[in-house]
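What the coordinates show
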Amino acid sequence: MTTAASITATGPGHEGDSPYALSHLDALESEGVHIFREVAGEFERPVILFSGGKDSIVMLHLALKAFAPAAVPFSLLHIDTGHNFPEVLDYRDRTVERHGLRLHVAHVQDFIDRGELRERPDGTRNPLQTVPLLDAIEKNRFDAVFGGGRRDEEKARAKERVFSLRDEFGGWDPRRQRPELWQLYNGKHSPGEHVRVFPLSNWTELDVWQYIAREKIELPAIYYAHEREVFGRSGMWLAPGEWGGPKEGETLERRQVRYRTVGDMSCTGAVDSDADTIEAVIAEIAASRLTERGATRADDKLSEAAMEDRKREGYF
């Protein structure tokens, strides 16, 4: 006789699986696929934010699964700061070509050239992405915008629902968050408003990497340990670039590093690591006590509420 306690499923298609249960990765995948299909049925002009970072890569993988064998019915949107890692941009373009996707790119540099944005003294352009993002949403009339944010990354993101209503200025108000009982999502919005959608909300960094391993998903090489020129600043190893580093007194050195998260080169730090395989990366993350943003994103360290302040202004 089989009892509930004896069921140790690993999910459909895996050796030793049970028809009565899913592994946690299968459950997360099923939830993500459900969210993509809900948005497809409820909104007119959704778009997927795609930077070539690991979370947006997993998000696109879920979208491909959700609509297979048909094509993904959404285009992609990338806000290019001009300070992106070349390896990531190359991966982005190869992915778009491989899957026959349509890519919109909004360039921060264009807004600086027109005088609509000004360079920051610290050289980072990550906070400057908000204006190009909102401009692209308005011009293309996107009513649902998929993002790869996860609740485990940062406390402001932990407050956000899967369907996050944004006002006519793109701003986020935590008081307007809607209940999402039984995976029922409310996409109702007024003209000019839109909804940010986060299919990976309930995933952790470890979940993401375990899923990448299981699905054999290709990533940009900088996510794995490699030798690179870096310099130390504010407790992080940063890559040199035209954005303003290294400064006087900051010395370049070659180190074995990898990136846990990928954003603007000016504020995304590398970590010392020998993890050059996916198995080694998973073991390293399992032992870590810091989230990837907490360990390597300088823009989140500007103040105690840096992320929440940016989200209220329309940030990702």
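Residues numbered from 1 in each chain as written. Predicted model: local features only at pLDDT ≥ 70, side-chain atom pairs only at ≥ 80, totals over all residues. Heavy atoms only, no water.

Moving on, we get to the pairing of strand S9 (residues 253–258). Pairing geometry for strand S7 (residues 226–233) and S9, over 5 bridges, is antiparallel. What sits directly across from Val230, in S9, is Glu253. With 2 bridges connecting them, S9 and strand S10 (residues 271–272) associate as antiparallel partners. Paired with Val257 across the two strands is Asp272, which belongs to S10. (Pairing = 2+ DSSP bridges. Helix = DSSP H or I, 4+ residues; strand = E, 2+ residues; numbered from the N terminus.)

Strand order in the open sheet formed by 6 strands is S3-S2-S1-S4-S6-S5, and the pairing between neighbours is mixed. A strand with exactly one partner marks an edge of an open sheet, and here the two such strands are strand S3 (103–107) and strand S5 (163–166). Across the sheet, the mean angle from the axis of one strand to that of its neighbour is 30 degrees, orientation sign disregarded. Along the sheet face, helix H2 (residues 54–67) touches strand S1 (46–49), strand S2 (75–80) and strand S4 (144–146) and points at about 140 degrees away from the line of S1. (Axes fitted to C-alpha atoms, helices over the stretch in contact; angles between N-to-C directions. Contact = heavy atoms within 4.5 Å.)

With that out of the way, let us pick up the packing of aromatic side chains. The geometry of an aromatic ring pair is captured by two quantities: the separation of the ring centres and the angle between the planes. In this structure the tally under the stated criterion is 10 aromatic pairs. The ring of Phe111 has Arg114 sitting right over it, with the charged end atom 4.6 Å from the ring centre. (Phe/Tyr/Trp six-rings, centres within 6.5 Å; stacked < 30°, edge-to-face > 60°. Lys NZ or Arg CZ within 6 Å of the ring centre and 35° of its normal.)

A word on helix H7 (residues 205–215). Within the span of H7, buried status applies to Glu205, Asp207, Val208, Trp209, Tyr211, Ile212 and Glu215. Lys216 sits one or two positions beyond H7 and adopts a positive phi of about 55 degrees. (Buried < 20%, exposed > 50% of the residue type's maximum accessible area, 1.4 Å probe, protein only.)

Glancing now at the packing of H7 against helix H8 (residues 278–287). The packing of two helices is summarised by the inter-axis angle and the distance between the axes. Contact geometry of H7 with H8 gives a least axis separation of 10 Å together with a crossing angle of 165 degrees. Regarding the angle of H7 to H8, the classification is roughly antiparallel. Pair H7 / H8 crosses with left-handed handedness. Here H7 contributes Glu205, Leu206, Trp209, Gln210, Ile212 and Ala213 to the contact with H8, which in turn contributes Ile278, Val281, Ile282, Ile285 and Ala286. (Parallel < 35°, antiparallel > 145°, perpendicular 65-115°, else oblique. Left-handed = near helix turned anticlockwise from the far one by under 90°.)

A cis geometry characterises the amide bond from Ala68 onward to Pro69, with omega recorded as 5 degrees. Tracing the backbone shows Pro69 in the loop between H2 and S2. Here the phi dihedral of Gln183 falls at roughly 60 degrees; this positive angle occurs in a residue that is not glycine. Tracing the backbone shows Gln183 in the loop between S5 and strand S6 (194–197).

With respect to the helices, strands and loops of the structure, Lys54 is situated in helix H2. Owing to a relative accessible area of 1%, Lys54 belongs among the buried residues under this scheme. At 3.0 Å, the side chain of Lys54 and the backbone oxygen of Arg260 are in polar contact. When sequence neighbours within four positions are dropped, the list of residues in contact with Lys54 reads Arg150, Glu205, Val208, Trp209, Ile212, Leu219, Tyr223, Arg260, Thr261 and Glu292. (Polar contact = N/O pair within 3.5 Å; in protein donor to acceptor, adjacent residues only side chain to side chain.)

Take the confidence of the model for the protein chain next. Of the residues in the protein chain, 85% reach a pLDDT of 70 or more, and the chain-wide mean stands at 87. Across residues 1–13 the pLDDT falls below 50, and counting only partners more than four positions away or on other chains, this stretch makes 21 contacts in the model. Note on residues 300–304: pLDDT under 50 across the span, and 11 contacts to partners over four residues away in sequence or across chains. (pLDDT = per-residue confidence, 0-100.)

Take a nonpolar patch on the surface next. On the surface, Leu181, Trp182 and Leu184 cluster together to form a nonpolar patch covering roughly 430 Å² of accessible area. Here Leu184 is to be found in the loop between S5 and S6. Residue Leu184 is classed as exposed on the basis of its relative accessible area of 56%. (Patch = residues over 30% accessible without salt bridge, like charges linked within 9 Å, V, L, I, M, F, W, Y side chains within 5 Å. Areas by Shrake-Rupley, 256 points an atom, 1.4 Å probe, with all protein chains shown as cover. Salt bridge = Lys/Arg side-chain N within 4 Å of Asp/Glu carboxyl O.)

Glancing now at the pattern of salt bridges. Inspection of every chain in the model, using the stated rule, returns 26 salt bridges. A salt bridge links Arg94 to Glu218; the shortest N-O distance between them is 3.2 Å. Of this pair, Arg94 sits in helix H3 (residues 86–99) while Glu218 is found in the loop between H7 and S7, placing the two residues 124 residues apart along the sequence. A relative accessible area of 38% places Glu218 in the partly exposed class. In this structure, Arg260 and Glu205 form a salt bridge, with 2.6 Å as the shortest nitrogen-oxygen distance. Remark: Glu205 occurs in helix H7 and Arg260 occurs in the loop between S9 and S10; sequence separation between them is 55 residues. Residue Arg260 is classed as buried on the basis of its relative accessible area, which comes to 6%. Judged by relative accessible area, Glu205 falls into the buried class, the value being 5%. Overlapping salt bridges, with partners in common, bring together Asp26, Glu29, Lys65, Arg214 and Glu215 in one network.

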